[in-house]
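Observations on the three-dimensional arrangement
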Amino acid sequence: MQQQDQTKDYFRVAAEDWHQKSKDGRSDYSALEGRRHAVLSAIDEIKDARRFLDVGCGSGQLVIAAAQRGLNAEGIDFASEMIELCEANRKEAGVEAEFTEGSFFDVDLKAGSYDIISAQGFIEYFSPDDMMLIFKRCFELLRPGGSLLVGSRNRLFNAVSFNAFTEVESELGILEALVNECIALHTSESQEAAFEALRAHERMDPHPDSHPATGVPVDVRYQYSPADLTGRLRSSGFTPTTLFPIYFHGLPGAIRKARPDLHFQLANAVAEFTLRDQRLTPFCSTFVLHVTK
Ligand SMILES: C[S@@+](CC[C@H](N)C(=O)[O-])C[C@H]1O[C@@H](n2cnc3c(N)ncnc32)[C@H](O)[C@@H]1O
């Protein structure tokens, strides 16, 4: 698994940087914080949840926040430097939580015992086939009715970013499919209507061998559209319930570069008021899907 080796090497070295990126209350916009906010908002609505697991937990903020809500919270990460940060952050927060160093596929976990599993910034570091194994394992680990919250880089955004990512999708011949899915989401007035509309667009898109630079030195970080991912999750036995658009990009790229202050203001303002408005999804670079077993 070359991609996983690269991922581990990178996160071992970059643990502290990711921790800084992930902190609450930054003056710019943090997609990591945005995803965490969506997961915590979903957790707050799940009745009688007790056991929570975060896979690829990074420096542990989500696990700590879940523990602060009274959940029995656990995190797994294969980068030892991340687990060290988790422990330091846990002590600083003064909560009980369990962190385990190891790969999600190797750590011994009890089937059917979790109420909620979260995977943020995680699936992009596996091939689509290996991602299906993650979904299978999550399904086994959850109790019936349990929730999986999975974050994904949003492939639909490539259709409206008008940059090198758009060109790659054009070369792969999937631009029209992405635009049609954007229309379906943009015109769906409720979450239920959106998931119904997405059914007609469920497909498995081809992936490029490499992509334009993303700032993370891993050759391929996979991206999915909501319909591609809901199709794969349905075939793994899950039912989608909520689509959270994360990190609104309201300005064209060139203007964003010239006026980052304005870009961050827009992203924060939109995040505050429209956490569950699926119509925003095409204009966001990330999304979180809540699905249930
Ligand atoms: C992009 S970071 C995301 C961290 C955190 N979930 C967040 O949203 O801030 C991805 C994390 O997944 C971990 N990871 C990747 N593959 C893994 C695997 N097979 N098992 C456990 N952790 C893994 C990496 O070490 C890294 O800390």
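This is a predicted model, so every value here is computed, not measured.

What about the overall build of the protein?
If you tally the helices and strands in the protein, you get twelve helices and seven strands. Against the globule reference of 19 Å for 293 residues, the protein gives a C-alpha radius of gyration of 18 Å, in line with a compact fold. Considered along the principal axes of its C-alpha atoms, the protein spans approximately 45 × 40 × 40 Å. Classification of the 293 residues of the protein by burial places 44% in the buried group. Contacts in the protein between residues far apart in sequence, at least 24 positions, make up 74% of those at least 6 positions apart.

What about the sheet that holds strand 6 (residues 239-248)?
The strand order across the open sheet built from seven strands is 3-2-1-4-5-7-6, with neighbouring strands paired in mixed fashion. Only two strands of the sheet have a single partner each, and these edge strands are strand 3 (98-101) and strand 6. This sheet shows a mean twist of 15° between the axes of neighbouring strands, independent of strand direction. Bridge analysis of strand 6 against strand 7 (residues 284-292) gives eight bridges, and the strand direction is antiparallel. Along strand 7, the bridge assignment pairs P240 with V291.

Remarks on unusual backbone geometry
Apart from glycine, the bulk of residues carry a negative phi angle, and the bulk of peptide bonds sit in the trans form. Despite not being glycine, D48 has its phi angle at roughly 60°, a positive value. One can find D48 in the loop between helix 2 (31-45) and strand 1 (51-55). Judged by local crowding, D48 falls into the exposed class, with 6 C-beta atoms found within 10 Å. Here the phi dihedral of F162 falls at roughly 50°; this positive angle occurs in a residue that is not glycine. Within the secondary structure, F162 is located in the loop between helix 6 (157-161) and helix 7 (164-172). We classify F162 as exposed; it has 12 C-beta atoms within 10 Å.

Description of the environment of L289
Inspection of the secondary structure assignment puts L289 in strand 7. Judged by local crowding, L289 falls into the buried class, with 22 C-beta atoms found within 10 Å. Taking C-alpha positions, L289 is 6.3 Å from G151, a pair spaced 138 residues apart along the chain. Ignoring sequence-local partners within four residues, the contact set of L289 consists of V150, P226, L229, T230, L233, P240 and L243.

So, the nonpolar core
If you look at the biggest cluster of nonpolar residues, it comprises 78 residues, and the most contacted ones within it are V63, A66 and I117. The contact partners of I117, leaving out residues within four places of it in the chain, are L53, V55, C138, L141, L142 and L148.

Description of the site of the ligand
Close contacts around the ligand come from 21 residues, with F11, G56, G58, Q120 and G121 the closest. Among the secondary structure elements, those contributing two or more residues to the shell around the ligand are helix 1 (2-22), helix 2 and strand 2 (72-77). Here the shell around the ligand gets five residues from one element, more than from any other, and that element is helix 1. Taken together, the residues of the shell around the ligand sort by class into eleven nonpolar, eight polar and two charged.

Quick look at the pairing of strand 3
Looking along a regular strand, one sees side chains alternate from face to face of the sheet. In this structure, strand 2 lies alongside strand 3, joined through four bridges in parallel fashion. Across the sheet, the residue bridging to D77 is E101, located in strand 3. The handedness of the strand 2 to strand 3 crossover, carried by helix 4 (residues 80-93), is right-handed.

A closer look at the packing of helix 3 (residues 61-68) against helix 4
Helix 4 packs onto helix 3 with a crossing angle of 30° between their chain directions and a minimal axis gap of 10 Å. Relative to helix 4, the element helix 3 is oriented roughly parallel. Between helix 3 and helix 4 lies a crossing whose hand is right-handed. Contact residues: helix 3 offers Q61, V63, I64 and Q68, while helix 4 offers C86, N89, R90 and A93. For the contact of helix 3 with helix 4, a count of residues per class yields four nonpolar, three polar and one charged.

Re the pairing of strand 7
The buried count for strand 7 comes to seven of nine residues, which makes it a mostly enclosed element. Sheet analysis places strand 5 (residues 142-153) next to strand 7, joined by seven bridges and oriented antiparallel. Paired with R153 across the strands is T286, a residue of strand 7.

Observations regarding helix 12 (residues 260-273)
Counting along an α-helix, one turn takes 3.6 residues, and residues three or four places apart therefore face a common direction. With 14 residues, helix 12 should reach 20 Å at 1.5 Å per residue; the first-to-last C-alpha distance of 20 Å fits that figure. When we look at burial in helix 12, the residues that qualify are H263, A267, V270 and A271. Relative to the axis of helix 12, the buried residues are bounded by an arc of 100° and lie together on one face. Away from its buried face, by an angle of more than 90 degrees, helix 12 presents the exposed residues D261, A269, E272 and F273. Lining the buried residues of helix 12 we find helix 2, strand 6 and helix 11 (253-258).

Scoring rules and cut-offs
Residues numbered from 1 in each chain as written. Predicted model: local features only at pLDDT ≥ 70, side-chain atom pairs only at ≥ 80, totals over all residues. Helix = DSSP H or I, 4+ residues; strand = E, 2+ residues; numbered from the N terminus. Rg over C-alpha atoms; globule rule 2.2 N^0.38 Å. Buried ≥ 20, exposed ≤ 12 C-beta atoms within 10 Å, placed from the backbone. Contact = placed C-beta atoms within 7 Å. Pairing = 2+ DSSP bridges. Axes fitted to C-alpha atoms, helices over the stretch in contact; angles between N-to-C directions. Core = buried A, V, L, I, M, F, W, Y, C linked by C-beta atoms within 7 Å. Near = placed C-beta within 6 Å. Nonpolar A, V, L, I, M, F, W, Y, C, P; charged D, E, K, R; others polar. Right-handed = clockwise from strand over helix to strand, strands pointing away. Parallel < 35°, antiparallel > 145°, perpendicular 65-115°, else oblique. Left-handed = near helix turned anticlockwise from the far one by under 90°. Expected span 1.5 Å × (residues − 1). Arc of directions from axis to C-beta.

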